[in-house]
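A closer look at the structure
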Amino acid sequence: MTYLNIFPKFPVSILSVAVLLMACTPEKSAEEKPAETLEPFPSTYQAIPSESFIIEHATVLTGTGKQLEDASVLVEKGKIKVVGQNVFVATDITRYDGNGKWVTPGIIDVHSHLGVYPSPGIESSADGNEMTAPVTAQVWAEHSVWTQDPGMQLALAGGVTTFQVLPGSGNLIGGRGVTLKNVFARSVQGMKFPDAPYSLKMACGENPKRFYGSKGRSPSTRMGNVAGYRAAWIKAQAYREKWDKYYESIGSKKEKDKPKRDLNLETLSEVLRGNILVHNHCYRAEEMLVMIDIAKEFGYKISAFHHAVEAYKVADVLAKENICAAVWADWWGFKHEAFDQVKENAAMVENAKACSIIHSDSAIGIQHLNQEASKAMAAGNKNGLALQPKDAIKWITANPAKAMGIEDKTGTLEESKMADIVIWSHNPFSIYAKAEKVFIDGALMYDRDDRTKQPVSDFDLGITDPEGERL
Amino acid sequence: MKAGKKLAAKILRTGLFSSAIILTTFASNAEDYLIKNATVHSATEKGVLAKTDIYVSDGFIMEVGNNLSVKLKHTIIDATGKHITPGLINAATQMGLVEIGAASSTVDYSTKNENQGASFTIAPAINFRSTLIPQNRINGLTRAIVRPAGGTSIFQGQGAAIALLSNENGLLSSLNAQYASYGIAGANISGGSRASAYAVLDKALEEANYLRHNRSRYLPGFDWNFSQSVEDLDALKAVIEKKIPLVISVHRRDDILKMIALAKKHNVRLVLAGASEAWTVADEIARANIPVIMDPILNLPGSFESLANRLDAAAILNAAGVKLVFTGVNWRSTHNGYLVRQSAGNAVSYGMPAEEAIKAMTINTAEVFGVENYGQIAVGMEADIVVWDGDPLELSTSADVVLIKGIKQPMVSRATRLRDRYWDLKDIQKKAFTR
């Protein structure tokens, strides 16, 4: 496959500017296009071919705020065709009896380090934090992903169909994150969610200042952190302008010399162009509000604050600014910036009509995002709210999809979306609920009742017993 | 005094109490409660008791039965439609030894003092005014085993048992177990090999036993040619005499078998902690009558010594007859120590009987660590009681009432006060004056 075929699949890149401008010039062959306009690591993900099927008589949480009883989900060609009650299909297709079962969109984790901090946790594969400079926008998490992390299959058994792998939080700007489909592949490109935007990991607070401060360099304080972000964005603005002027000059009499590429600034300028989404690790209320001002100063948008332990203090601002708060249900106290956690955090964010997300940041937690959402919902309800499963399911499906810029493709059970679907044994907010069947793009990727339909990583093979199974 | 007489009468009748307990009871300021009409998870051989009443007086459970009517003055707690368990206990925490994990000035669970290995005793460092205690308490955790961790010796030292009271009455016992590491952690601290770790443990236990019989030869000032300090070997005496268990953190199957053999050789009471691959040798562990401390939610092959971790490990071990003691959840067993309930729930979801899982966070823990008169809803037990608004293992369930030693606890923590301050976001400037 040449990149000519691939090129149109990537509207979200520096191309959006370049293509527009080039449209005015005579057709050029791809070889003549500037190097920075290419997607160097294109997704090669291909949905596993699947047959049509229908899940019938299930309780369906659509992810759009509805709970349907005795409902059906019809899937054709890997896409959701119909969701609703009284769906009759005469043809002879596979039928799954959903009686007593619950059906949800595939679970999405907006904050994972699967593959970059894989299991087993040994120094030789801890590849999530490039802590050699406080701004490393040039690194891409996908280049650290070990596709054979056995945590991925465990997450699948927890219903996770899509996850965003982020660099760690040791740096002010840690690099690009990547959104992956939870499928077996030999390459990370084979897992890359088609047409998902890249993300930029930024980090507030204790982690960057502790690490660099301990090395006797900036940042050693929170004010040093802020100076560091702003200095980076000033450089990115200048870089963007330089390239924009170059693009404008192409074909004209005053065609400028092609600027020198800088991978760090290339990523940052793509954020300024709106093509890369900012995911900002930020615990404390005042730091979130400072980051919002920085985003305004430089004209970019923050997609989500992660680990937003104090989101409940600024939930109204997050609602107004349309920024998601990605939170744990109840983790607290491991750092000072995590000291003000309340169990009602996610519920209070939801109640303020802001976008609430439960994330994992953990290879254990990602297997139980339904449980985490359940605890967060229960805490809100115990204090007087009336949240329902149809609301809280969004925290682990539609809302992370929105924050990751893939809400038009997955995250809800709606017609024409990817058939990323979980059939649960019980109400997914029960401790007794297990994901029984997990579909990705309509293909049955995990079946709890059929060992032949439970994927295992390369790592698992023969690791505890040459002839046996790890699990 | 009237209540005291009444209790004395009960003691005579039931014959359950030791004199030491009577002393602590008379010092309590507990009210009397009649809890009505609950589904009681008793953590006894009686299992679940339907529509049951519990009478609590002077901090103790005095009666458990149907339609109790007690004439004495008491407060009624209507628990119709609700569930009751003993207050839960987490078997491996640093409760009171850490306020903020990454703030070293608030952390007391390990020492770099090389003279303190087995003799490092953490009880004096426990801060009963810690914010962690109310936050865990209002979520149904009423007791905790507090253990040392880290340090420079293969022995981490001696742990304590506490009740989650915000005062010094919370200290229950200050020397209830000795802790050691084997496997990767033990190897790292012993020079880099399990073989070194094994030798260090073996020698220390041998020396401790020798010293126990020859202590008078080693007066202060004499040459001390032992591998451990005098204080450390003296501290191991309680292990050698089987007064307290030796809790060894160990994961790999063959490492577990080595530790079982080591414990047999030195005739000590071994408790396995972590024990990721214990299920693969469940029968051997059951046969040796060795309890296992575990967090049943852990299923990652997180290291090369825990490759066989799995979610049904607790169910397998329980079925084999191993006494299980739960901690969790995950690495947050202190700040979120109450979430041992979630870990237990996962064990049940993956095949362990619910009532056995409840025992693994109540009576089993009490038995392993010698926490007396706690861990069951039964006459003679101290009244650590939680009234839950639903299935005690379910995620949507919360604690409605928490009694510790018969004292009803306020359902308030620093977190609930922050929540209440920010519940609405109007008039932010006035929040300064909300308390």
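Residues numbered from 1 in each chain as written. Chains lettered and ligands numbered in written order. Predicted model: local features only at pLDDT ≥ 70, side-chain atom pairs only at ≥ 80, totals over all residues.

**A few points about the overall build of chain A**
Test applied: Starting at the N terminus, helices and strands are each numbered in turn, a helix being any DSSP run of H or I of at least four residues and a strand any DSSP run of E of at least two. Only C-alpha atoms enter the radius of gyration, while the globule expectation follows 2.2 Å times N to the 0.38, with N the number of residues. The burial criterion counts other C-beta atoms lying within 10 Å of a residue's C-beta, which is placed from the backbone; the residue is buried at 20 or more, exposed at 12 or fewer, and partly exposed between these limits. Note on contacts: each residue gets a C-beta atom placed from the backbone, and two residues are in contact if those atoms are within 7 Å.
Looking only at helices and strands, chain A features 12 helices and 16 strands. A globule of 471 residues ought to have a C-alpha radius of gyration of about 23 Å, and chain A, at 23 Å, matches this closely. Counting only C-alpha atoms and orienting by the principal axes, one finds that chain A spans roughly 70 × 55 × 50 Å. For chain A, with 471 residues in total, the buried portion stands at 54%. Of the contacts made within chain A by residues no fewer than 6 positions apart, 70% connect residues no fewer than 24 positions apart.

**Looking at the sheet that holds strand E15 (residues 324-326) of chain B**
Residue and element names in this part refer to chain B. Which entries qualify depends on this criterion: We call two strands paired when DSSP finds no fewer than two bridges between them. In this analysis, axes come from line fits to C-alpha atoms, helices being fitted only over the stretch in contact, and the angle between any two N-to-C directions falls in the range 0 to 180 degrees.
If you trace the 6 strands from one edge of the open sheet to the other, you get E8-E11-E12-E13-E14-E15, paired in mixed fashion. Sheet topology places strand E8 (155-158) and E15 at the edges, where each strand pairs with a single neighbour. Looking at each pair of strands side by side, their axes are set apart by 25° on average, direction ignored. Examined bridge by bridge, strand E14 (residues 292-294) and E15 share 3 bridges and lie parallel to one another. Looking at the pairing, Ile 293 lines up with Val 325 of E15. Contacts from helix H4 (residues 183-190) reach strand E11 (178-181) and strand E12 (246-250), with the element oriented near 85° to E11.

**Quick look at the packing of helix H5 (residues 194-214) of chain B against helix H8 (residues 253-266) of chain B**
Residues and elements named next belong to chain B. Stated precisely, the cut-off is as follows: For classification purposes, an angle smaller than 35 degrees is called roughly parallel, one larger than 145 roughly antiparallel, one from 65 to 115 roughly perpendicular, and anything else oblique. Should the near helix be turned counterclockwise from the far one by less than a right angle, the crossing is left-handed, whereas a clockwise turn marks it as right-handed. Residues are grouped as follows: Ala, Val, Leu, Ile, Met, Phe, Trp, Tyr, Cys and Pro are nonpolar; Asp, Glu, Lys and Arg are charged; all remaining types, including Gly, are polar.
Two numbers describe how H5 lies on H8: the axes approach to 11 Å, and their chain directions differ by 15°. The angle between H5 and H8 places the two elements in the roughly parallel class. As H5 packs across H8, the resulting crossing turns out to be right-handed. Facing Arg 194, Tyr 198, Leu 201, Asp 202, Leu 205 and Asn 209 of H5, the residues of H8 in contact are Asp 255, Lys 258, Leu 262 and His 266. Per-class residue counts for the contact of H5 with H8 are 4 nonpolar, 2 polar and 4 charged.

**Examining the pairing of E12 of chain B**
All names here are of chain B. When you tally the buried positions in E12, you get 5 out of 5 residues, the bulk of the element. Where burial is concerned, the two faces of E12 agree: the one with Leu 246, Ile 248 and Val 250 and the one with Val 247 and Ser 249 are both buried. For E11 and E12, the ladder comprises 4 bridges, and the chain directions are parallel. Following the sheet pairing, Tyr 179 is matched in E12 by Val 247. Sheet analysis places E12 next to strand E13 (residues 270-274), joined by 5 bridges and oriented parallel.

**Considerations on the environment of Asp 340 of chain A**
Within the secondary structure layout, Asp 340 of chain A lies in the loop between strand E12 (324-327) and helix H9 (345-351). Taking the C-alpha atoms as reference points, Asp 340 of chain A and Met 191 of chain A, separated by 149 residues in sequence, lie 37 Å from one another. Apart from residues lying up to four places away in sequence, Asp 340 of chain A is in contact with Val 309 and Glu 310 of chain A together with Leu 418 of chain B.

**Brief notes about the domain arrangement of chain B**
Residues and elements named next belong to chain B. Defined as follows: Where each domain starts and ends comes from a domain assignment, either automatic or drawn from a database.
Each assigned domain of chain B is listed here: domain 1 (2-86 + 398-417) and domain 2 (88-374). Each of domain 1 and domain 2 has a C-alpha centre, and the two are 30 Å apart. Counting from both sides, the interface comprises 17 residues of domain 1 and, opposite them, 18 residues of domain 2. At the level of secondary structure, the elements contributing two or more residues to the side of domain 1 that touches domain 2 comprise strand E5 (83-86), strand E17 (399-404) and helix H14 (414-422). It is E17 that provides the largest number of residues to the side of domain 1 that touches domain 2, a total of 3 residues. Here the residues of the side of domain 1 that touches domain 2 sort into 10 nonpolar, 5 polar and 2 charged.

**Comments concerning the confidence of the model for chain B**
All names here are of chain B. Filter applied, for reference: Scored between 0 and 100, pLDDT is the confidence that the predictor attaches to each residue.
The predicted model of chain B has a mean per-residue pLDDT of 93, with 93% of residues at 70 or higher. Every residue in residues 8-27 scores below 50 in pLDDT, and together they form 14 contacts with partners more than four places removed in sequence or on other chains. Reported confidence for the predicted complex is 0.93 by ipTM and 0.93 by pTM.

**Focus: the pairing of strand E1 (residues 53-61) of chain A**
Successive side chains on a regular strand alternate, one facing one side of the sheet and the next facing the other. All names here are of chain A. Of all 9 residues in E1, 7 are buried, a share of seventy percent or more. Bridge count between E1 and strand E4 (residues 94-97): 4 bridges; the pairing is parallel. When the bridges of E4 are listed, Ile 54 appears paired with Arg 95. Adjacent in sequence and paired antiparallel, E1 and strand E2 (residues 67-76) are bridged by 5 residues, among which Gly 63 carries a positive phi angle near 85°. In terms of strand pairing, E1 meets strand E5 (residues 102-105) through 2 bridges, oriented parallel. Each bridged residue has a counterpart across the sheet, and for Thr 59 the counterpart in E5 is Trp 102.

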